[in-house]
Amino acid sequence: MGKDSGLVVGRPRARAKAHATPSEYNESRPNAHTGGRMRLLLPALLSLAVVPLPARAEEPELPVRGLHMAAPKPHEVPATARFIWEALSQEGVNVLVMEFNYNYKFTRRPEVVDPDALSAKDVRTLATVCRESGIKLIPQINLLGHQSWAGTTFGLLRAHPDFDETPGKYPKNEGIYCRSYCPLHPKVHEVVFDLVDELAEACQADAFHIGMDEVFLLGEDDCPRCKGRNKAELFAQEVRALRDHLAKSNRTLWMWGDRFLDAAATGLGKWEASENATAPAIHSVPKDIVICDWHYEKAPPTAAWFASQGFRVVSSAWRKPEVALGQLELIRSVRRHANDAIAARMLGVLHTTWCGAGPFIRAYYGEDASNTAAVESARAFQRLFKELRDGGR
């Protein structure tokens, strides 16, 4: 595909040895009818998810066979490079979304750099080993939401507190999940675009993941610019601004999809879907973005719904192998039974880790079982990618 496709098709470099088994590792516009249409569509999608899979000689490889992980700490770079070269290429991974946030030594906006950040040399090492392993590296910065965690406010709002959606409120971040920046602040995009461009260039990337999941603080009454504004319009406007900026350099926008799902219509709740009226934004954003549809407890057929709305989509699981395999079953079913347009939009999988790079790598190799989440995610990843390699046979 062309540079601006944001996709990877093909195999990683030739594998040096047979695959190890898990045991060998030691174990459009907002409108009032959106929800109604989704309620009518979901029963059909649910039936689609359980279409029996006929036997076949060979399953075509999915265009995206991805892993999402945190950027390593500086001292973890050599181990991470080895992991990419030795393990990920052999597993069949061809996309690595690496979440940097403000853990990079930005030169254009050094005021936002968080402690223990990666150097340009560190990132070149990671980009080089990905390229030589046949893996597309997609950098990520969490934008709009997730500007804090617990009592820690991250680099952007620490350096530019005037960008805060709720300025002066929630001391020590108590009483909220995460802070957001104000998407209407007149100077916020000057900073954000510099960060996106510098990190994308450092990674030699033709796609960029903007996060934007679990955005709860948006259109708040405490914000003099956003007060009273339609939350779906605010969300869509920020997606468009970021997408249009990336398009100027022929880069594709990737993002999480939960804020486009209606919590009431889907029954998914406020984490995997939206209870704060952002869902209609899906009708006001360009169709050329790639949506990462994450679900960790069950495998609802929302990826098929995104594809039916005209979006390319990947499915993301975490700690439960049965969820990862359920998502894969849906992808295969749709790719086999839907029309060509919808089938082609079901790109594949992006498995998540939600722990540090070091703990995940050590859990993968069976070197450390103390981090339960890392161990479970590693086992789910291994099970999913074994199934991908076996092709369902």
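All residue numbers refer to position in the chain's written sequence, counted from 1. Where totals are concerned, whole chains, interfaces and linings use all residues; where local detail is concerned, this predicted model gives features only for residues with pLDDT of at least 70, and gives and counts side-chain atom pairs only at 80 or more. The side-chain values count all of the structure's non-hydrogen atoms but skip hydrogen atoms and water molecules.

1. Things to note about the confidence of the model for the protein chain
For step 1, the next point in the chain: pLDDT runs from 0 to 100 and stands for how confident the predictor is about each residue. On average, residues of the protein chain score 88 in pLDDT, and 84% of them are at 70 or above.
For step 2, the next point in the chain: Whether two residues touch is decided by their heavy atoms; if any such pair falls within 4.5 Å, the residues are in contact. Segment residues 1-6 is flagged for pLDDT under 50; beyond a separation of four residues in sequence, or across chains, it makes 13 contacts in the model.
For step 3, the next point in the chain: A low-confidence stretch, residues 8-58 (pLDDT under 50), is modelled with 99 contacts involving residues beyond four sequence positions or located in other chains.

2. Some remarks on helix 3 (residues 120-132)
For step 1, the next point in the chain: For helix 3, spanning 13 residues, the distance from its first C-alpha to its last is 18 Å, which sits close to the expected 18 Å at 1.5 Å a residue.
For step 2, the next point in the chain: Within helix 3 the residues assigned to the buried category are D122, V123, L126, A127, V129 and C130. End-on, the buried residues of helix 3 take up no more than an arc of 165 degrees, which puts them together on one face. Exposed residues pointing more than 90 degrees away from the buried face of helix 3 are listed as K121 and E132.
For step 3, the next point in the chain: Phi for G134, located one or two positions after helix 3, is positive at around 75 degrees. For the purposes of this entry, the term helix denotes a DSSP run of H or I that reaches at least four residues, the term strand denotes a run of E that reaches at least two, and both are numbered from the N terminus. What a helix is expected to span follows from its residue count: subtract one and scale by 1.5 Å. Per-residue accessibility, obtained with a 1.4 Å probe over protein chains only, is compared with the maximum for each type, and a residue is labelled buried under 20%, exposed over 50%, and partly exposed between these values. The arc in question is formed by the directions pointing from the helix axis toward the C-beta atoms.

3. What to know about the sheet that holds strand 8 (residues 290-294)
For step 1, the next point in the chain: Here a strand pair is declared whenever DSSP counts at least two bridges between the two strands. Spatial ordering of the closed barrel is given by 1-2-3-6-7-8-9-10, a layout of eight strands whose pairing is parallel. In this sheet, neighbouring strand axes are inclined to one another by 25 degrees on average, regardless of whether the strands run parallel or antiparallel.
For step 2, the next point in the chain: In the packing of helix 13 (residues 372-390) onto the sheet, the strands contacted are strand 1 (64-70) and strand 10 (346-351), and the crossing angle to strand 10 comes to about 150 degrees. Convention adopted: a line fitted to C-alpha atoms gives each axis, helices being fitted over their contacting stretch, and angles between N-to-C directions are expressed from 0 to 180 degrees.

4. Looking at the environment of V239
For step 1, the next point in the chain: Secondary-structure assignment places V239 in helix 6 (residues 231-247).
For step 2, the next point in the chain: Separated by 95 residues in sequence, V239 and L144 place their C-alpha atoms 9.5 Å apart.
For step 3, the next point in the chain: Those residues within four positions of V239 in sequence are excluded, and the remaining contacts are M212, L253, M255, F260, V285 and I289.

5. Notes on the packing of aromatic side chains
For step 1, the next point in the chain: Two aromatic rings from Phe, Tyr or Trp, using only the six-membered ring of Trp, form a pair when their centres are within 6.5 Å; if the ring planes differ by under 30 degrees the pair is stacked, by over 60 it is edge-to-face, and anything between is tilted. Under the defined criterion, the tally for this structure stands at 17 aromatic pairs.
For step 2, the next point in the chain: The interplanar angle of 55 degrees and the centroid separation of 6.2 Å between the aromatic rings of Y364 and F381 together place this pair among those described as tilted. Taken together, the residues span a long stretch of sequence, with Y364 in helix 12 (residues 357-364) and F381 in helix 13 at a distance of 17 residues. For the pair Y364 and F381, one class covers both residues: buried.
For step 3, the next point in the chain: Ring plane angle 45 degrees and centroid distance 4.7 Å describe the contact between F381 and F385, whose orientation is recorded as tilted. Of this pair, F381 and F385 both sit in helix 13, four residues apart, which is roughly one turn of the helix. As far as burial versus exposure is concerned, F381 and F385 are alike and both buried.
For step 4, the next point in the chain: Every member of this aromatic cluster is reached through a ring pair, and the members are F83, F360, Y364, Y365, F381 and F385.
For step 5, the next point in the chain: A ring is considered to have a charge above it if a Lys NZ or an Arg CZ atom is located within 6 Å of its centre and within 35 degrees of its normal. The ring of Y365 carries R82 above its face, with NZ or CZ at 4.9 Å from the centroid.
For step 6, the next point in the chain: Its end group placed over the ring of F216, K270 keeps NZ or CZ at 5.9 Å from the ring centre.

6. A short note on the nonpolar core
For step 1, the next point in the chain: We call a set of buried Ala, Val, Leu, Ile, Met, Phe, Trp, Tyr and Cys residues a nonpolar core when their side-chain atoms join them within 4.5 Å. Grouped together as the largest cluster of nonpolar side chains are 100 residues, with contacts concentrated most on F83, L96, Y181, F235 and F260.
For step 2, the next point in the chain: For this core, the leading source of residues is helix 5 (residues 188-202), giving nine residues.
For step 3, the next point in the chain: Contact partners of L96, with chain neighbours within four places excluded, come to L67, M69, I84, L88, C130, I135, K136, L137 and I138.
For step 4, the next point in the chain: Counting 16 residues, the second largest nonpolar core, distinct from the first, contains I138, A207, Y296 and L347.

7. Considering helix 2 (residues 77-91)
For step 1, the next point in the chain: Here helix 2 is 15 residues long and its end C-alpha atoms lie 20 Å apart, about the 21 Å a rise of 1.5 Å per residue gives.
For step 2, the next point in the chain: Roughly 35 degrees is the biggest bend found in helix 2, and it falls at I84.
For step 3, the next point in the chain: Burial in helix 2 covers these residues: V77, T80, A81, F83, I84, A87, L88, S89, Q90 and E91.
For step 4, the next point in the chain: Buried residues along helix 2 sit in contact with strand 1, strand 2 (95-99), helix 3, helix 12 and helix 13.
For step 5, the next point in the chain: Once helix 2 ends, the next one or two residues include G92, with phi positive near 105 degrees. The angle between axes fitted to the seven residues ending at a residue and the seven residues starting there is what we call the bend at that residue.

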